[in-house]
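Listed below, chain by chain, are the residues.
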Amino acid sequence: MLEAHHFPGPLLVELANEFISAVREGSLVNGKSLELLPIILTALATKKENLAYGKGVLSGEECKKQLINTLCSGRWDQQYVIQLTSMFKDVPLTAEEVEFVVEKALSMFSKMNLQEIPPLVYQLLVLSSKGSRKSVLEGIIAFFSALDKQHNEEQSGDELLDVVTVPSGELRHVEGTIILHIVFAIKLDYELGRELVKHLKVGQQGDSNNNLSPFSIALLLSVTRIQRFQDQVLDLLKTSVVKSFKDLQLLQGSKFLQNLVPHRSYVSTMILEVVKNSVHSWDHVTQGLVELGFILMDSYGPKKVLDGKTIETSPSLSRMPNQHACKLGANILLETFKIHEMIRQEILEQVLNRVVTRASSPISHFLDLLSNIVMYAPLVLQSCSSKVTEAFDYLSFLPLQTVQRLLKAVQPLLKVSMSMRDCLILVLRKAMFANQLDARKSAVAGFLLLLKNFKVLGSLSSSQCSQSLSVSQVHVDVHSHYNSVANETFCLEIMDSLRRCLSQQADVRLMLYEGFYDVLRRNSQLANSVMQTLLSQLKQFYEPKPDLLPPLKLEACILTQGDKISLQEPLDYLLCCIQHCLAWYKNTVIPLQQGEEEEEEEEAFYEDLDDILESITNRMIKSELEDFELDKSADFSQSTSIGIKNNICAFLVMGVCEVLIEYNFSISSFSKNRFEDILSLFMCYKKLSDILNEKAGKAKTKMANKTSDSLLSMKFVSSLLTALFRDSIQSHQESLSVLRSSNEFMRYAVNVALQKVQQLKETGHVSGPDGQNPEKIFQNLCDITRVLLWRYTSIPTSVEESGKKEKGKSISLLCLEGLQKIFSAVQQFYQPKIQQFLRALDVTDKEGEEREDADVSVTQRTAFQIRQFQRSLLNLLSSQEEDFNSKEALLLVTVLTSLSKLLEPSSPQFVQMLSWTSKICKENSREDALFCKSLMNLLFSLHVSYKSPVILLRDLSQDIHGHLGDIDQDVEVEKTNHFAIVNLRTAAPTVCLLVLSQAEKVLEEVDWLITKLKGQVSQETLSEEASSQATLPNQPVEKAIIMQLGTLLTFFHELVQTALPSGSCVDTLLKDLCKMYTTLTALVRYYLQVCQSSGGIPKNMEKLVKLSGSHLTPLCYSFISYVQNKSKSLNYTGEKKEKPAAVATAMARVLRETKPIPNLIFAIEQYEKFLIHLSKKSKVNLMQHMKLSTSRDFKIKGNILDMVLREDGEDENEEGTASEHGGQNKEPAKKKRKK
């Protein structure tokens, strides 16, 4: 066959035909002979003379083309597909011929065994160097995406189906091989890589989920190993993820979109599927996964805000796309860590590096990830322990919060690895004596954590253990007696180190006092040592003689260094710690010791402490403020050293009073005398706080708004409130009446509850014992809410306020404020427990109902609570205007808003809530702007979840127009009274700005839909199947878009004619009009795209264009003139009479208002430009409804010019008097007419 090119042409044709018919009939024996076909075809292509082929005469080249066409359109036997495809690489092919071959080979995929596909793909990739790269990639990706989809459906479908097409493992291995083939091909041919990225990017424009599937994502992640494409691909994936989350957010917030757009899978689930699939030795994907995970966490982690605090919310509330993206990054890393051993070291190293190096920026997301990694496999991480110990070296340089969370995260490792624990102790000991205060605090935090987690033999098993350990957690110290003994020495050693801290700064001591209670609760054998330490510390400041007043040496608590005065001993916290530890000891340890006879001196400390607290209480009650030198005449200013000292002392005394109140309540068992003591202590507290407030008020210092955290524990607050408001036990009534007689005391109790909830909202935990334990906090929250709810609903504010006029808020109002804060805190931190929370609020405490209760839904329970608040609001609104309590109304609306978020939008309760809110807005007219704003916001937030709010916007715009009048004063506007809440006071700017922001959201949704449609069209034209049938499914979406825009047009039609006051309303309206035209232009451009295939444009689109020409554009121009005239009159009147500064601000405002005008004019002109294009294309004259735009060019008006020149001449003669008169006489008249 080497001489084949000497063969005559007809013979070659005959030979080729022989081969082709053999292939088509399937009569090949083993396919060896196929190696000759390329030689024949190549020889044929070189023949210049014309050859008889079929019925016609063709050149050699054309003959070859026909032969290839015949071969590709025939049937190929499955076993020869690979040989046939491979054969073509030796034939010189034109682009068109390559396309034939590629299409044929791709169509054979579905007929072949899975194992035969990789070699075929390999041959196709080799062939793609001749052209058709895009078709090859598209075909492979489409085939495997479909296969994946089918496979998933089979797996999730009926378990009884035995006919599963492919076993999972085999499919994944084949996919892995194919991905490797493609990556290898891209390394040799960069053009192929560019095609891949381009293909997936194009698919993204309309809809991020169009082209991405687990297979294509895995392919992209493997391509990141090629340096050249790394950044490009990771960027593509990052934007896809965020775009997907943004789309989800948009969809969740709008019922209108949910009805139009079907629910589909999201990029995030696909990526996690890739992680799951990578078990099947897809090592080439893991590196890309890790990089993507870290990119997402770095780019979208919590951001630092100005005052150094970070804004972090719990995952339940993180509806924001960025937080979702960051969480996805963490999930990718955690799952990859679980599956792939070889990459574990790297992930851990990178996380620790970030924790150590980014001390200043928030890194809570990395610490959470670290904690999850450690929880997953503490034993596995022993091999990486060197990395962790390396991180320990930096502890003393990290911020305190980071240290606490880092140590908490690695704590399970410390139980497994002795060497790591020893290393940590050395680091902490060094830090104990560091120069920086933060390092010393970190050391204390570290030691306390160790004490909590290393149990000493004989400690009570703590049911209240706040950090639960998972099953895989290793509890080494449970097994051997030795360990517990070792732990004991180890813990006592730490206690020694901590005792040294008691001579350090107040902040360090404070940390100790706050941590000891938790240590005791978790490690009860240390009780003796801890209590003794506290007792000896207290004795330094306690006055032992029983008749000396005051009982505490406050001077000793204050440190004076030259001029600088600071607190040295936080005595109130020391007492607080003692009181809690003592209460715990009495409740838990002593009952267990009753049976055993213990040595006497062991017990001595607890009796001593009781006596001391008793004695302090009695003497504090007897002490006057003069005894502390803190009476009214004392100096409390922040500028003098005595003032600072007095301030510190006052806070200490107030703190001590609070601690004693709690102590006496806990041991009172409802005795009347104890309650009288509590009241006396409270009076002491009250006097001091009044003096401080008064002095601070006079001095106008910052102290006025800084109230120190209350020292009462949350548990006590909840018991106290329950006793004050809900306790109906007969024997308690007499003693409780003592406390109930003081309104001040009850108000104080509610105020502290508010403070605790506020603290929870800001930081996620509360101060005091169990303040870090979410379970306990939740329990207390439920109890507090139940009491506040009962108090507010049973004694309304109106009843309470009419009785006595006191300064400050009434108790009912405080209760309502508390409820508002609690509802938002529960949704923020306890989303999964909402059902439990609402059940706890049900005051019908009947045991029998518990079982039936379980199946009442959240929506039903919420609706019940909502009804109570609706009743209160109706009562408020039925009162006279002058009795209307706007604060309470505002709070009620806020409560209703947060509760309505818990209703299921499809439920009848939700519809009821919506119609109720709408009715309130329609029937009640109040001139309170804030109340109006919050009520309208509630109405919109409900409306959006039910259906699109465009009709509502139209009605409101008519109301606003009616109240504010027309820009042309001669026009009388008829008043429509759709919503009474819109009146002269609230129409602008309150309601006006609200409706404009809602209109903006609607435009955003419409814009999103148009972009989606455009994306679909561009893909259909790409796949060239854009027949008229293909575009039919979009009709409902197109119709909905046109309806929305039509109604918005009438909305803007009203507002553009309204005489809006200058300022933000005009500004926003101009910007939104600009958006309206941009969206209209986008729609016109979409129809430009679709026009050829669908044949013309729909009738309702024509109507929309007509409406825009008649009802909007001309009015926009007159509105622009109105704004400009208004600004001119401002200039005129401002020129002479006002001060220059006032004129300057007025001018600045005018500039700001007129800035959007050119943008609007440009948007209108762009819209008209594209309409002209569309008219030409669709053969429909759309411009007939458009008036020619106002000519806005420069004109010289001769008569006005003469007049001005004449005035100028007079001006020079009469030193400006005439022109001044002229100006004043003419312009204001014009201005009056405007009004």
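An unreviewed UniProt entry lists the chain under the name FA complementation group I, from Homo sapiens.

Now for the overall build of the chain. When helices and strands are tallied, the chain shows 49 helices and four strands. Within the span of the chain, comprising 1235 residues, buried residues form 52% of the whole. Partitioning the contacts of the chain with sequence separation of at least 6, the portion at a separation of at least 24 is 76%. For the chain, the exposed area adds up to about 57700 Å²; of that, 53% sits on carbon and sulfur atoms.

The subject of this paragraph is helix H32 (residues 774-794). For H32, spanning 21 residues, the distance from its first C-alpha to its last is 30 Å, which sits close to the expected 30 Å at 1.5 Å a residue. Those residues of H32 not exposed but buried are Ile777, Phe778, Asn780, Leu781, Cys782, Ile784, Thr785, Val787, Leu788, Leu789, Arg791 and Tyr792.

With that out of the way, let us pick up the pattern of salt bridges. The final tally for this structure, using the stated rule, is 34 salt bridges. For arginine 499, the salt bridge identified is with aspartate 496, shortest N-O distance 2.9 Å. Linking arginine 499 with aspartate 496, this pair stays in helix H22 (residues 481-501), spanning three residues, or about one helical turn. Here lysine 776 makes a salt bridge to aspartate 770, at a shortest N to O gap of 3.8 Å. Its relative accessible area of 27% is what places lysine 776 among the partly exposed residues. Ionic contacts of the salt-bridge type, sharing partners, join the residues Lys452, Asp518, Arg521, Asp770 and Lys776 into one network.

Core analysis: the biggest nonpolar cluster contains 383 residues, and Leu498 and Phe869 have the highest contact counts within it. The residues touching phenylalanine 869, leaving out its near neighbours within four places in the chain, are Leu789, Tyr792, Leu816, Leu819, Phe823, Leu892, Val895, Leu896 and Leu899.

Glancing now at the packing of aromatic side chains. This structure, assessed with the given rule, holds 26 aromatic pairs. Relative to phenylalanine 716, the ring of phenylalanine 665 has its centre 5.3 Å away and its plane inclined at 70°; by these criteria the two rings are edge-to-face. Taken together, the residues phenylalanine 665 in helix H27 (residues 641-668) and phenylalanine 716 in helix H29 (residues 714-726) connect sequence positions 51 residues apart. A single burial state applies to phenylalanine 665 and to phenylalanine 716, both of which are buried. An angle of 55° between the planes, with centres 5.1 Å apart, marks the rings of tyrosine 685 and tyrosine 748 as tilted. One end of the pair, tyrosine 685, is in helix H28 (residues 672-699); the other, tyrosine 748, is in helix H31 (residues 743-763), and 63 residues separate them in sequence.

Let's shift gears to the pairing of strand S3 (residues 558-561). Both S3 and strand S4 (residues 564-567) contribute to a ladder of four bridges, which runs antiparallel. Across the sheet, isoleucine 558 pairs through a bridge with leucine 567, a residue of S4. Here S3 hands over to S4 after two residues, with glycine 562 in that stretch at a positive phi of 60°.

Let us now look at the confidence of the model for the chain. Predicted confidence across the chain gives a mean pLDDT of 82, with 84% of residues reaching 70 or more. Across residues 159-164, where pLDDT falls below 50, the model places one contact with residues more than four positions away in sequence or in other chains. Confidence drops under a pLDDT of 50 for residues 1025-1031, and excluding neighbours within four residues, the segment shows ten contacts in the predicted structure.

Put simply, leucine 549 and proline 550 share a cis peptide bond, and its omega is -15°. Tracing the backbone shows proline 550 in the loop between helix H24 (527-539) and S3. Cis geometry marks the peptide bond from alanine 988 to proline 989; its omega dihedral reads 0°. Following the sequence through the fold, proline 989 ends up in helix H42 (residues 984-1023). Although it is not a glycine, phenylalanine 670 adopts a positive phi angle of roughly 55°. Tracing the backbone shows phenylalanine 670 in the loop between H27 and H28. Residue aspartate 770 is not a glycine yet carries a positive backbone phi of 60°. Relative to the assigned elements, aspartate 770 resides in the loop between H31 and H32. A relative accessible area of 14% means that aspartate 770 is categorised as buried.

The rules behind the values
Residues numbered from 1 in each chain as written. Predicted model: local features only at pLDDT ≥ 70, side-chain atom pairs only at ≥ 80, totals over all residues. Heavy atoms only, no water. Helix = DSSP H or I, 4+ residues; strand = E, 2+ residues; numbered from the N terminus. Buried < 20%, exposed > 50% of the residue type's maximum accessible area, 1.4 Å probe, protein only. Contact = heavy atoms within 4.5 Å. Areas by Shrake-Rupley, 256 points an atom, 1.4 Å probe, with all protein chains shown as cover. Expected span 1.5 Å × (residues − 1). Salt bridge = Lys/Arg side-chain N within 4 Å of Asp/Glu carboxyl O. Core = buried A, V, L, I, M, F, W, Y, C linked by side-chain atoms within 4.5 Å. Phe/Tyr/Trp six-rings, centres within 6.5 Å; stacked < 30°, edge-to-face > 60°. Pairing = 2+ DSSP bridges. pLDDT = per-residue confidence, 0-100.

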